[in-house]
Amino acid sequence: MKDKQKIIFTIMGCGSAYGVPTAGNGWGICDPNHPANRRLASSVVLRSETDTIIIDLGPDFRQQTCTHNVREISGVLFTHSHADHITGIFELPMFTQWQRGDIHCFATPETLVGIQKRFHYLFDPNITVYHYGGGRILWHEIEYGQEMVVGDMPILPFQQDHGFMSSTGFRVGDIAYSTDVKKIDEANKAFLKDLKIWVLDCNGIEVSPVHNHLDQALAWIEEIKPERAILTHLSETVDYVTTSKKLPPNVELAVDGMSFETFVQRPTCRRPLRQYSPSNI
Ligand SMILES: [Zn+2]
Ligand SMILES: [Zn+2]
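What this report covers is the structure whose coordinates are included nearby.

1. Considerations on the overall build of the chain
Consideration 1: The secondary structure content of the chain amounts to 7 helices and 15 strands.
Consideration 2: Computed over the C-alpha atoms, the radius of gyration of the chain is 18 Å, within 12% of the 19 Å expected from 2.2 N^0.38 for a compact globule of 281 residues.
Consideration 3: C-alpha atoms of the chain, sized along the principal axes, occupy 55 × 45 × 35 Å.
Consideration 4: Taking all 281 residues of the chain together, 44% fall into the buried category.
Consideration 5: Of all intrachain contacts in the chain linking residues separated by at least 6 positions in sequence, the fraction that spans at least 24 positions is 67%.

2. Focus on the sheet that holds strand β15 (residues 274-275)
Consideration 1: An order of β14-β1-β2-β3-β4-β5-β6-β15 is seen for the 8 strands of this open sheet, with the pairing classed as mixed. Bordering the open sheet on either side are β14 (259-265) and β15, each of which pairs with just one other strand.
Consideration 2: Here strand β5 (residues 103-107) runs beside strand β6 (residues 137-141); their pairing, made up of 5 bridges, is parallel. Paired with F106 across the strands is H140, a residue of β6.

3. A word on unusual backbone geometry
Consideration 1: Geometrically, the link from V20 to P21 is a cis peptide bond, its omega value of -5 degrees lying close to zero.
Consideration 2: In this structure, P21 sits in the loop between β1 (4-13) and β2 (43-47).
Consideration 3: For N69, which is not glycine, the phi torsion reads 55 degrees and is therefore positive.
Consideration 4: Among the structural elements, N69 can be located in the loop between α1 (61-67) and β4 (75-77).
Consideration 5: One non-glycine residue with positive phi stands out, namely D194, at about 55 degrees.
Consideration 6: Along the chain, the position of D194 falls in the loop between α5 (186-189) and β11 (197-201).
Consideration 7: Using a count of 9 C-beta atoms within 10 Å as the deciding quantity, one classes D194 as exposed.

4. Some remarks on the nonpolar core
Consideration 1: Counting residues in each nonpolar core, the largest one holds 65 residues, and the members touching the most others are V76 and L231.
Consideration 2: Apart from the residues within four sequence positions on either side, V76 is in contact with I54, L57, I103, C105 and F106.

5. Some thoughts on helix α6 (residues 214-224)
Consideration 1: Along α6, the residues that are buried comprise L214, A217, W220 and I221. Buried residues of α6 fall within an arc of 125 degrees about the axis and therefore sit on the same side. Among the exposed residues of α6, those oriented more than 90 degrees off its buried face are A219, E222 and E223.
Consideration 2: Positive backbone phi, approximately 60 degrees, marks K225, located one or two places after α6.

6. Some words on the pairing of strand β8 (residues 153-161)
Consideration 1: Here 3 bridges tie strand β7 (residues 148-150) to β8, and the two strands are oriented antiparallel to one another. Opposite M148, over in β8, you have I155 as the bridge partner.
Consideration 2: Hairpin connection between β7 and β8: a loop of 2 residues separates the two successive antiparallel strands, and G151 in this loop has a positive phi of roughly 60 degrees.
Consideration 3: By the bridge criterion, 6 bridges tie β8 to strand β9 (residues 166-172) in an arrangement that is antiparallel. For F158, the partnering residue across the bridge sits in β9 and is G169.
Consideration 4: What sits between β8 and β9 in their antiparallel hairpin is a turn of 4 residues, with G163 showing a positive phi close to 85 degrees.

7. Considerations on the sheet that holds strand β10 (residues 175-178)
Consideration 1: Strand order in the open sheet formed by 7 strands is β7-β8-β9-β10-β11-β12-β13, and the pairing between neighbours is mixed. The sheet terminates laterally at β7 and β13 (251-253), the two strands that pair on one side only. On average, adjacent strands in this sheet sit at an angle of 25 degrees to one another, irrespective of strand direction.
Consideration 2: For β9 and β10, the ladder comprises 3 bridges, and the chain directions are antiparallel.

Conventions adopted
- Residues numbered from 1 in each chain as written.
- Chains lettered and ligands numbered in written order.
- Predicted model: local features only at pLDDT ≥ 70, side-chain atom pairs only at ≥ 80, totals over all residues.
- Helix = DSSP H or I, 4+ residues; strand = E, 2+ residues; numbered from the N terminus.
- Rg over C-alpha atoms; globule rule 2.2 N^0.38 Å.
- Buried ≥ 20, exposed ≤ 12 C-beta atoms within 10 Å, placed from the backbone.
- Contact = placed C-beta atoms within 7 Å.
- Pairing = 2+ DSSP bridges.
- Core = buried A, V, L, I, M, F, W, Y, C linked by C-beta atoms within 7 Å.
- Arc of directions from axis to C-beta.
- Axes fitted to C-alpha atoms, helices over the stretch in contact; angles between N-to-C directions.

Written as C-alpha cells, this is what we have:
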C-alpha cells in the first residue's frame, strides 16, 4: 500500500439547483422534520493527506467551507457553468488570501466561457480583488478522457450530456461523480467500469429534459453495476424516507456530510497544465 494513498470524498451538498428547503422555505413533498431532507447545493470535497480539491462551488460554498473546515484549496473542478455550480466562485479570493498563493481552477473550454461571462473580473489580470492576498485565480482547460493530476490526485474527466449542454463527470480511483446528466454515450460509459462507488444525478422522480430521474438512474446502475451507488442533486420532490424505501440494497440517497474513500496510486508524472486564454466576451 506504500505507493497508494487514501482520498476521502465528502458530500458538502447533495441538493438540486435550489436546495432543500428552497428559498422561501419550500419543502415540496420532503418531510421538514427529517434532517436528511436538508440539502445544500451540490458540491464535493476530496481530501488526501496533503491536498484538498473541491468539485463545484455553488451558492452555499461559504457555509460548506465553514462546516467542513476547508481553509486551503489545491484545485477546483467544475462540472459545468450552471449557476448552482459556480455562484460560490465569488468567495474564491478569500482562499488566495488564506493560503497566500494561487488557486488552480479546471474546466472544459465551454464551461470556462460560461464562468468568464459571469465573473469577468476574475479573469482580468488588470483587476486586483482586495482579498487576493498574494495569489491569483488561475484557469486551466481540461480535456475529456485525459487524466490529469491536481494537487496529488489523479483525476479523469469524461463527457456527459446535460440536455442543452455538456457536463463533466470525474473519476478518481474507483469512485465516479456524475452530477447534472441526462445521457452518457457508450464511449463515455467506458470510464465507468469497475466502480466501487458511483455518485449519480437523480434530480427527481419525474422525467426531466436535462436531468436524470429515479427510474433512469436505477436502470443505469443496473447496467453499469457499481458496487454501490449514491444518488445526488436531489430536489424537493425526493423525500428521503419515502424514496429510500424504493431503492435496491446497493443504492442510497446522498445526505449532506456523508463521506467515503478510495485508494489511488500516487501520481509519478503530471501532464503540463493547459492555461485558458480568456476570450473577449
Ligand atoms: Zn445543478
Ligand atoms: Zn446543471
